[in-house]
Amino acid sequence: MDEVIQVDNQFYIRATSARLDGRTRVLKRNETFAVCDRFGDMPAVGFPELGLYHEGTRFLSRLSLTLDGQRPLLLSSGVREDNAAFVAHLTNADRMADGQIAVPRGTLHVTRECWTFSGGLGQIVSLRHYGLEPMDLAISIAVDADFADVFEVRGTPRVRRGRRLPALPESAGLRLCYSGCDGVLRETQVLCDPPPFDVESQALSFRVRLAPGEKRRFLQTIYCQASDEERSTIRLPSAARASAAASSKARASVRTSHEAFNAWIDRSDADLRMMTTSLPSGPYPFAGVPWFCTPFGRDGIITALETLWLDPDLGRGVLSFLAETQADDLVPERDAEPGKILHEARKGEMAALDEIPFRRYYGSVDATPLFVILAAAYHERVGDREFLEALWPHVERAIEWIDVWGDRDGDGFVEYFRQSEDGLVHQGWKDASDSIFHTDGSLAEGPIALSEVQGYVYAARRGAATLCAALGRDADAAALDRAADSLRARFDEAFWCDDIGAYALALDGRKQPCRVVASNAGQVLMSGIALPERAARLARTLFAPACFGGWGIRTVASDERRYNPMSYHDGSVWPHDNALIAWGLARSGFRDLAARLMSAFLDVSKEVEMRRLPELFCGFERREGEGPTLYPLACAPQSWAAGSVFLFLQSCLGIRIEAETRRIVLDRPHLPAYLDSVRFENVGVGDRTADFTVRREGDRVRVDTRRLGHGIQVALER
């Protein structure tokens, strides 16, 4: 507590404290996640997000280990490469007696292992005594639960809260309870093996006498909403490790000749496995920890698109959940309209009481066309006719939303405007309040038509046309293709700004273009709506110094009025944004530029902790000898940031998997100079799999097929 000071009944961490190094550790299993500091603690003061969360509620707001009343000293700590557990190595501080050192620091080795499971957290504290004399030790584990809603933790004020009930000491631990305003009794149960020597309202105490060389182990299991069957069950970490190993074996794998690139892939793959949650409808990648650990429509779709060529099961899970939650009715307070795809879904007390509109919230203008894009891409990748027939009514309703509700003024462009007073002002992926503006810096007034959204609508119409053709609905397919052609012509006329060499960021409510150079224009390329001559000009603009600062393409060019490299959306750099731009550049024939972006983010992965790409980072110019400047509130891990490496690689190699023809196509592949080869194993095509290697030979690429399932072909197109 010497790191903590009190001022007017408020507690603060000293600026010199090691607690403020910004390095938290994250564990997640399905709808349960934990955020701790480098010691494995969740102290009562410090970073506000620390804690154990389950279904939108913080079930543990404090978890602190002390030895003889002192915090142990940190030797090292980290999360296992497979994200199965956090391990900290600690030791004792000097123990004083009569002004002398009775037990010197470094006498006791403490290993602290924590892991999450669905509905709780496990912890093992292991001790080994390296001294020459017996040692008596008092161990205390402080616990508390504020049962705060995740929005409350973020800072959303509440008019009223539920009631904390008295703590219930038990023979094997402690139970903490909260009666919510929503009528739900929430409980946190702590079980200990061996049982504690003493149980207080917020602490569990143990006493141990260690002989020289002796080892002892203390195990705690913390349940969120424990069932009657679980109240006496101690969890072990072996199940978490086995689950991580099993999910790793089931997936296709990628290995390259470059070790740093492999480390980036491995971290991203482990993060995606951790972020993916098992829902009744199938696997779904939750968006990000800590604030967005829930299903988001846009984020889930883009993550599925990034990884579809390797893991189509994720795409199926995303489509199934979003079809189930597709809006049926007009509900203005939730920005819901018939056929619209979900923006986000929340659990927890505040959502249940409608203190926030996000229990099921639909304020996203792009999730609906993106849903159709994913449906078409999934069908091409897998060719599941039965699933397509079940999904088709939802695709039809999504197209109807685009035509009716998305384009209320009938000008052919999809716009958004907020209906809910508590909803999002901006409903594209750049949803900060100042993210859509004119060249003079004035904020755009709605309804607003974003440039990339029109591209998504174009691609959705093309994708829906291919689905119609697959279902034998040729007339509908032709109509959708005609509508896409018409949109392409109108889009070019309304959005292209020759003076800035880019598409306008948006059209405002008066149909005036926001003539701002922004990364939105780069995302236009992925849809195919851009005319070839526009794509070439835009590619030059995106790689000018104002846009490309060395670490990636900025959300807003540095010479724009609202540019701020430390902002959320007005000059920062986002990995998923750049991956989508790379996909569009590759589609437009600029695979070398896609590879340039991939190389920049490989360098970013070398500089960030754990090689984990964050949600975003600051858009400062790259300087020799310095890494990228981090954005302090970025989610890490974050699903679409983790998925970016796979879309970068797909873009460079032009990978396309066609289920109907059983072909793996590499269309004009390009490998940068630092990648001599990329090996793919267990890539599924229908019910068969293939192993193959892509090799660079000078400026050309060749493919070696190692194992092909029956009927599979690997085609190299130049």
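Residues numbered from 1 in each chain as written. Predicted model: local features only at pLDDT ≥ 70, side-chain atom pairs only at ≥ 80, totals over all residues. Heavy atoms only, no water.

## A short note on the sheet that holds strand S15 (residues 163-170)
Then, number 1: The sheet built from eight strands is open, its strands ordered S8-S9-S12-S13-S20-S17-S16-S15 with antiparallel pairing. The open sheet has two free edges, formed respectively by strand S8 (73-79) and S15, since each of these has just one partner strand. Averaged over all adjacent pairs, the angle separating strand axes in this sheet is 15 degrees, with direction ignored.
Then, number 2: Two elements, S8 and strand S9 (residues 86-91), share six bridges in a ladder whose sense is antiparallel. Paired with Leu74 across the two strands is Leu90, which belongs to S9. (Pairing = 2+ DSSP bridges. Helix = DSSP H or I, 4+ residues; strand = E, 2+ residues; numbered from the N terminus. Axes fitted to C-alpha atoms, helices over the stretch in contact; angles between N-to-C directions.)

## Overview of the packing of aromatic side chains
Then, number 1: Summed over the entire model, instances satisfying the criterion amount to 24 aromatic pairs.
Then, number 2: Taken together, a centroid distance of 5.1 Å and an interplanar angle of 65 degrees make the contact between Tyr284 and Phe321 edge-to-face. Residue Tyr284 is located in strand S23 (residues 282-285), and its partner Phe321 is located in helix H5 (residues 312-324); the two are separated by 37 residues in the primary sequence. Of the two residues examined, Tyr284 and Phe321, each falls in the buried class.
Then, number 3: When the centroid spacing of 4.9 Å and the interplanar angle of 35 degrees are considered together, the rings of Phe491 and Tyr503 count as tilted. Of this pair, Phe491 sits in helix H10 (residues 474-495) while Tyr503 sits in strand S28 (residues 502-503); the two residues are 12 residues apart in sequence, bridging distant segments of the chain. (Phe/Tyr/Trp six-rings, centres within 6.5 Å; stacked < 30°, edge-to-face > 60°. Buried < 20%, exposed > 50% of the residue type's maximum accessible area, 1.4 Å probe, protein only.)

## So, the packing of helix H13 (residues 575-587) against helix H14 (residues 591-607)
Then, number 1: Contact geometry for H13 and H14: axes closest at 7 Å, N-to-C directions at 160 degrees. Relative to H14, the element H13 lies roughly antiparallel. For the element pair H13 and H14, the recorded crossing hand is left-handed. Residues Pro575, Asn578, Ile581, Ala582, Leu585 and Ala586 of H13 form the contact with H14, whose participating residues are Arg591, Leu593, Ala594, Leu597 and Phe601.
Then, number 2: The class makeup of the residues in the contact of H13 with H14 is nine nonpolar, one polar and one charged. (Parallel < 35°, antiparallel > 145°, perpendicular 65-115°, else oblique. Left-handed = near helix turned anticlockwise from the far one by under 90°. Contact = heavy atoms within 4.5 Å. Nonpolar A, V, L, I, M, F, W, Y, C, P; charged D, E, K, R; others polar.)

## Here we look at the sheet that holds strand S21 (residues 253-256)
Strand pairing in a sheet relies on backbone hydrogen bonds. The paired strands run either parallel or antiparallel.
Then, number 1: Reading across the sheet, the four strands line up as S21-S32-S33-S34 and stay open at both edges, with antiparallel pairing between neighbours. The sheet is open, and its two edges are formed by S21 and strand S34 (700-708), each paired on a single side. Across this sheet, the average inter-strand angle for adjacent strands is 20 degrees, counted without regard to direction.
Then, number 2: Pairing analysis gives seven bridges linking strand S32 (residues 677-685) to strand S33 (residues 688-697), with the strands arranged antiparallel. Each residue of the ladder has a partner; that of Gly684, found in S33, is Thr689.

## A look at the pairing of S21
Then, number 1: The alternating pattern of S21 places Val254 and Thr256 on a buried face and Ser253 and Arg255 on a face that is not buried.
Then, number 2: Of the strand pairs in this sheet, S21 and S32 are connected by four bridges, and their pairing is antiparallel. The partner of Arg255 across the bridge, within S32, is Arg679.

## A closer look at the side chain of Arg112
Then, number 1: Of note, Arg112 is situated in strand S12 (residues 108-117).
Then, number 2: Looking at Arg112, its side chain comes within polar contact range of the main-chain oxygen of Gly40, at 3.3 Å.
Then, number 3: A distance of 2.8 Å separates polar atoms of two side chains, one belonging to Arg112 and the other to Gln123. (Polar contact = N/O pair within 3.5 Å; in protein donor to acceptor, adjacent residues only side chain to side chain.)

## Details of the nonpolar core
Then, number 1: Counting residues in each nonpolar core, the largest one holds 220 residues, and the members touching the most others are Leu127, Phe371 and Phe680.
Then, number 2: Counting residues per element, this core draws most heavily on helix H9 (residues 451-470), which supplies 10 residues.
Then, number 3: Apart from the residues within four sequence positions on either side, Leu127 is in contact with Leu108, His109, Val110, Leu137, Ile139, Val208, Leu210, Glu214, Lys215, Arg216 and Phe218.
Then, number 4: Listed in part, the seven residues of the second largest apolar core include Ala85, Phe117, Ile124 and Tyr223. (Core = buried A, V, L, I, M, F, W, Y, C linked by side-chain atoms within 4.5 Å.)

## Focus: the confidence of the model for the protein
Then, number 1: The predicted model of the protein has a mean per-residue pLDDT of 93, with 94% of residues at 70 or higher.
Then, number 2: Across residues 4-21 the pLDDT falls below 50, and counting only partners more than four positions away or on other chains, this stretch makes 32 contacts in the model. (pLDDT = per-residue confidence, 0-100.)

## A word on H5
Then, number 1: End to end, H5 covers 19 Å across 13 residues, agreeing with the expected 18 Å (1.5 Å per residue, within 8%).
Then, number 2: By the criterion of burial, H5 is predominantly enclosed, with 10 of the 13 residues buried.
Then, number 3: Inspection of H5 places Pro312, Leu314, Gly315, Gly317, Val318, Leu319, Ser320, Phe321, Leu322 and Ala323 among the buried residues, and these make up the whole buried set. (Expected span 1.5 Å × (residues − 1).)

## Let's talk about unusual backbone geometry
Then, number 1: In this chain, Asp193 is followed by Pro194 through a cis amide linkage whose omega measures 5 degrees.
Then, number 2: By secondary structure assignment, the location of Pro194 is in the loop between strand S17 (185-193) and strand S18 (198-199).
Then, number 3: In this chain, Ala636 is followed by Pro637 through a cis amide linkage whose omega measures 5 degrees.
Then, number 4: Among the secondary structure elements, Pro637 is positioned in the loop between H14 and helix H15 (639-642).
Then, number 5: The backbone of Lys511 shows a phi angle near 65 degrees, a positive value even though the residue is not glycine.
Then, number 6: In this fold, Lys511 is placed in the loop between strand S29 (506-507) and helix H11 (519-527).

## Points about the environment of Thr307
Then, number 1: Here Thr307 is to be found in helix H4 (residues 297-307).
Then, number 2: Look at Thr307 and you get buried, because its relative accessible area is 3%.
Then, number 3: Along the sequence, Thr307 and Ser644 sit 337 residues apart, while their C-alpha atoms lie 8.4 Å from each other.
Then, number 4: Sequence-distant contacts of Thr307, that is, excluding residues within four places in its chain, are made with Leu272, Leu314, Gly643 and Phe646.

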